[in-house]
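Now for the letters of each chain:
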Amino acid sequence: MRRQIRAELMKICSVRRLWVLAGLAVLAVAGSLAVNLFQAYQMLTDLEIATYSGPVTDEWRQILEAYGPVGQTAEILTSGQGLGIFLVLLLAILTVSDEARFHTASMTYLFQPNRSNVLLAKTAAVSLCAALLCVATTAVNLVGALIFFGNNGFGSAFASGMVWRAVALNLCAYILWAMLGIGIATVIRSQVAAAIIGTLVFMVDSPMAYQTVNSIRWLISGEEGTFPIMAISVAFPRVATEVMASTLSKFQGDPQHWWAGALVLLGYGVTMSLIGLRVTNNRDVLR
Amino acid sequence: MKSIVFNGLTKAFGNRTVVQDLSFTAEPGRVTGFLGPNGAGKTTSLRVLLGLERATAGTATFGGSHYAAMPTPARNVGAVLEESRLHPGRTGRSHLRIHAVSGGIGRERVEEVLGQTGLADVAHRRVKSYSQGMAKRLAIATALLGDPEVLILDEPTNGLDPFGVRWLRDEMRKWANEGRVVLVSSHLLAEMELIVDDVVIIAAGRLLEKADVATLRGADGTSLEDVFIKLAGGGAGIR
């Protein structure tokens, strides 16, 4: 298994695409970091939050956590997550679908006939790339955060468990999206179709998910009610990621727990991987 | 040394039977020609043998061992399949290194097979810049990585220039003389006549004849092409 993972890593690194994706990731992180630093500056200088001295109710505690140093530090350290997971998703899809596109699957299976091992090795290799990308972007973000908090005199929150939980969950998000991409490309053999479907899955973010679920609610009941729009929205992978790895609430006033997002993403990752394994083992290798 | 044994192999895709009750053996030390027109079922038979497709009935094994059950199959069997291609974005050397790692084969074999196939000088170039003949040589180099005792070549002369065809013919003879099993499929009967020791002829998925070349051609030296046309009934079964 170790040698198969090594072979899959060599495959990924042997084509120029990886370096193109890495370059895009650098641009994504740089842009996202700049935006997050700007937003953090605005939030931390917001007079209402900065000078608040009233009673700390649960609601205020949440606001202070999300928009104060803790939330801002977490946001800065996870800058570039959106495009980062998209690039990981694309890398996963291309890694699997290249075998069909370039008709190299037969040769791969001649050297490793155990198809489950090949798929698991691909998953491990792409997950490793995703983790490396996440660690590298977090390191860049950390430098940006240290400079930002050091120069502006805001109280940083590097010691907060919430910050490092957000960083750890960000890493999980990268890996789970890699698994999701592997699953999509295993089930859908066409590289173009897999990339389009992956992109569509990625594009449904919180506002789009809200609108989609709200439209469904309207079609079903035609009236306002107690329809659990927020809970259902978390079923969309991108929303689950946002809920899982962000300290900022995406839906004001709605209780959404990070673990719900984590469970949804884990469910997708594991389910798609199992489907992928079954499909790969049960059908003839594409010529 | 293991023989290749087809025993009553049948392969169907839905209602379409592509190979039917195919039985023959390819022995060590001989070049066995697996001949038939396009669409005869040669590639499908080889893919079942190599574990890439499932048999509908019967078996195709290496002396009783299924390909997929071998712990390091690339060390025992090397194969060049007609439809198997190479990633255009990789260099020849990186392609071989990847498969060497995957097959548990030492890195030194990469340089050896590059030299053996005459690709050492172009190994640094990406495959997309290779001619058809160079790509075919790289596919053959890949098959040779594990220094296997069984070699399976599906339409190996397609894309090769006359020098390449001559080179491959000499290599196949050398491999057989070393005691390896060499099974080569082709629809180019005149070409195969110069290479093979034994012949298996199929058409429309059915075995028409299996014999050594000398017996098949008879005392009057009838060409393999004429023998095949006669066996296949002037084109019957050719798709």
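Conventions we followed
- Residues numbered from 1 in each chain as written.
- Chains lettered and ligands numbered in written order.
- Predicted model: local features only at pLDDT ≥ 70, side-chain atom pairs only at ≥ 80, totals over all residues.
- Helix = DSSP H or I, 4+ residues; strand = E, 2+ residues; numbered from the N terminus.
- Buried ≥ 20, exposed ≤ 12 C-beta atoms within 10 Å, placed from the backbone.
- Contact = placed C-beta atoms within 7 Å.
- Axes fitted to C-alpha atoms, helices over the stretch in contact; angles between N-to-C directions.
- Parallel < 35°, antiparallel > 145°, perpendicular 65-115°, else oblique.
- Left-handed = near helix turned anticlockwise from the far one by under 90°.
- Nonpolar A, V, L, I, M, F, W, Y, C, P; charged D, E, K, R; others polar.
- pLDDT = per-residue confidence, 0-100.
- Pairing = 2+ DSSP bridges.
- Core = buried A, V, L, I, M, F, W, Y, C linked by C-beta atoms within 7 Å.

### Section: the overall build of chain A
Phase 1: When you go through chain A residue by residue, the secondary structure sums to 14 helices and 0 strands.
Phase 2: Starting at the N terminus and walking to the C terminus, you meet the elements of chain A as α-α-α-α-α-α-α-α-α-α-α-α-α-α.
Phase 3: Residues classed as buried in chain A amount to 43% of the 287 residues present.
Phase 4: Counted over contacts in chain A with a minimum sequence separation of 6, partners at least 24 positions apart contribute 83%.

### Focus on the packing of helix H9 (residues 161-187) of chain A against helix H13 (residues 237-245) of chain A
Residue and element names in this part refer to chain A.
Phase 1: For the pair H9 and H13, interaxial distance at closest approach is 9 Å and the crossing angle is 160 degrees. What the angle tells us is that H9 and H13 run roughly antiparallel. Helix-helix and strand crossings are classified by hand; for H9 and H13 the assignment is right-handed. Along the contact surface, H9 presents Ala166, Leu169, Asn170, Ala173 and Leu180, while H13 presents Pro237, Thr241, Met244 and Ala245.
Phase 2: Of the residues assigned to the contact of H9 with H13, the class counts are 7 nonpolar, 2 polar and no charged.

### Observations concerning the interface of chain A and chain B
Phase 1: Contacts between the two partners involve 23 residues from chain A, matched on the other side by 28 residues from chain B.
Phase 2: Among the elements of the structure, helix H1 (2-13) and helix H7 (105-111) of chain A are those that each provide at least two residues to the side of chain A that touches chain B.
Phase 3: When residues of the side of chain A that touches chain B are assigned to their parent elements, the largest contribution, 6 residues, is made by H1 of chain A.
Phase 4: Split by residue class, the side of chain A that touches chain B holds 10 nonpolar, 6 polar and 7 charged.

### Looking at unusual backbone geometry
Residue and element names in this part refer to chain B.
Phase 1: Phi at Asp147 takes a positive value of approximately 45 degrees, unusual for a residue other than glycine.
Phase 2: Checked against the element boundaries, Asp147 lands in the loop between helix H4 (132-144) and strand S6 (150-154).
Phase 3: Although it is not a glycine, Ala204 sits at a positive phi angle of roughly 50 degrees.
Phase 4: In this fold, Ala204 is placed in the loop between strand S8 (198-203) and strand S9 (206-212).

### Some words on the confidence of the model for chain B
Phase 1: On average, residues of chain B score 88 in pLDDT, and 95% of them reach the 70 mark or higher.
Phase 2: Taken over the whole predicted complex, pTM reads 0.83, whereas the ipTM for its chain interfaces reads 0.85.

### Description of H13 of chain A
Phase 1: Burial of H13 of chain A is extensive: 9 of the 9 residues sit out of reach of the surface.
Phase 2: Of all the positions in H13 of chain A, only Pro237, Arg238, Val239, Ala240, Thr241, Glu242, Val243, Met244 and Ala245 of chain A are classed as buried.

### Describing helix H1 (residues 42-49) of chain B
Residue and element names in this part refer to chain B.
Phase 1: Within H1, 8 of the 8 residues are buried, which leaves it mostly tucked inside the rest of the structure.
Phase 2: Listed in full, the buried residues belonging to H1 are Lys42, Thr43, Thr44, Ser45, Leu46, Arg47, Val48 and Leu49.
Phase 3: In the segment just after H1, Gly51 is the residue with positive phi, at about 75 degrees.

### Remarks on the sheet that holds strand S5 (residues 77-80) of chain B
Residue and element names in this part refer to chain B.
Phase 1: Spatial strand order, S5-S6-S7-S3-S8-S9: 6 strands in an open sheet with mixed pairing. Only two strands of the sheet have a single neighbouring strand rather than two, namely S5 and S9. Ignoring which end each strand starts from, the neighbouring axes of this sheet average 15 degrees apart.
Phase 2: Both strand S3 (residues 31-35) and S8 contribute to a ladder of 4 bridges, which runs parallel. The residue bridging Leu35 from the neighbouring strand is Ile201, located in S8.
Phase 3: Set on the sheet, H4 makes contact with S5 and S6; between it and S5 the angle comes to about 165 degrees.

### A few points about the confidence of the model for chain A
Phase 1: Here chain A averages 81 in pLDDT, while 84% of its residues score no lower than 70.
Phase 2: Every residue in residues 249-253 of chain A is under pLDDT 50, and counting partners more than four places away or in other chains gives 8 contacts.

### So, the pairing of strand S1 (residues 4-13) of chain B
Residues and elements named next belong to chain B.
Phase 1: Where S1 lies against strand S2 (residues 16-26), 7 bridges are found, and the strand directions are antiparallel. Within S2, the position partnered with Ile4 by the bridge is Ala26.
Phase 2: Taking the residues between adjacent antiparallel strands as the criterion, S1 and S2 are bridged by 2 residues, where Gly14 takes a positive phi near 65 degrees.
Phase 3: Strand direction decides the pairing type here: S1 and strand S4 (residues 57-62), joined by 5 bridges, are antiparallel. Pairing of Asn7 across the sheet is with Thr59, part of S4.

### Re the nonpolar core
Residues and elements named next belong to chain A.
Phase 1: Grouped together as the largest cluster of nonpolar side chains are 141 residues, with contacts concentrated most on Val88, Leu89, Ala92, Tyr174 and Ala178.
Phase 2: With 14 residues, H9 is the largest single contributor of residues to this core.
Phase 3: Setting aside residues no more than four positions away along its own chain, Ala92 makes contact with Val126, Ala178, Gly181, Ile182 and Ala185.

### Let's talk about the sheet that holds S1 of chain B
All names here are of chain B.
Phase 1: An order of S2-S1-S4 is seen for the 3 strands of this open sheet, with the pairing classed as antiparallel. On the outer flanks of this sheet lie S2 and S4, each paired with one strand and no other. With direction set aside, neighbouring strand axes in the sheet form an average angle of 20 degrees.
Phase 2: Strand contacts of H1: S1, S2 and S4, with the helix running at about 115 degrees to S1, the strand carrying the most contacts.

### Brief notes about the packing of helix H6 (residues 81-101) of chain A against H9 of chain A
Residues and elements named next belong to chain A.
Phase 1: Running from N to C, H6 and H9 point in directions that differ by 35 degrees, and their axes come no closer than 7 Å. As H6 runs across H9, the sense of the crossing is right-handed. Here Gln81, Gly84, Ile85, Val88, Leu89, Ala92, Ile93, Val96 and Ser97 of H6 lie close against H9, whose contacting residues are Asn170, Ala173, Tyr174, Trp177, Ala178, Leu180, Gly181, Ile182, Ile184, Ala185 and Thr186.
Phase 2: Counted by class, the contact of H6 with H9 contains 14 nonpolar, 6 polar and no charged residues.

### Considerations on the pairing of S8 of chain B
Residues and elements named next belong to chain B.
Phase 1: When you tally the buried positions in S8, you get 6 out of 6 residues, the bulk of the element.
Phase 2: Because side chains alternate across S8, one face comprises the buried residues Asp198, Val200 and Ile202, and the other comprises Val199, Ile201 and Ala203, equally buried.
Phase 3: Sheet topology note: the S8/S9 ladder contains 6 bridges and is antiparallel. Considered in S9, the bridge of Ala203 is made with Arg206.
Phase 4: Linking two consecutive strands that pair antiparallel, namely S8 and S9, is a turn of 2 residues; a positive phi of about 50 degrees is found at Ala204 within it.

### Section: the environment of Thr73 of chain A
Residue and element names in this part refer to chain A.
Phase 1: Within the secondary structure, Thr73 sits in helix H5 (residues 69-77).
Phase 2: Overall, Thr73 belongs to the buried group, with 29 C-beta atoms counted inside 10 Å.
Phase 3: A C-alpha to C-alpha distance of 9.5 Å links Thr73 and Leu146, two positions 73 residues apart in sequence.

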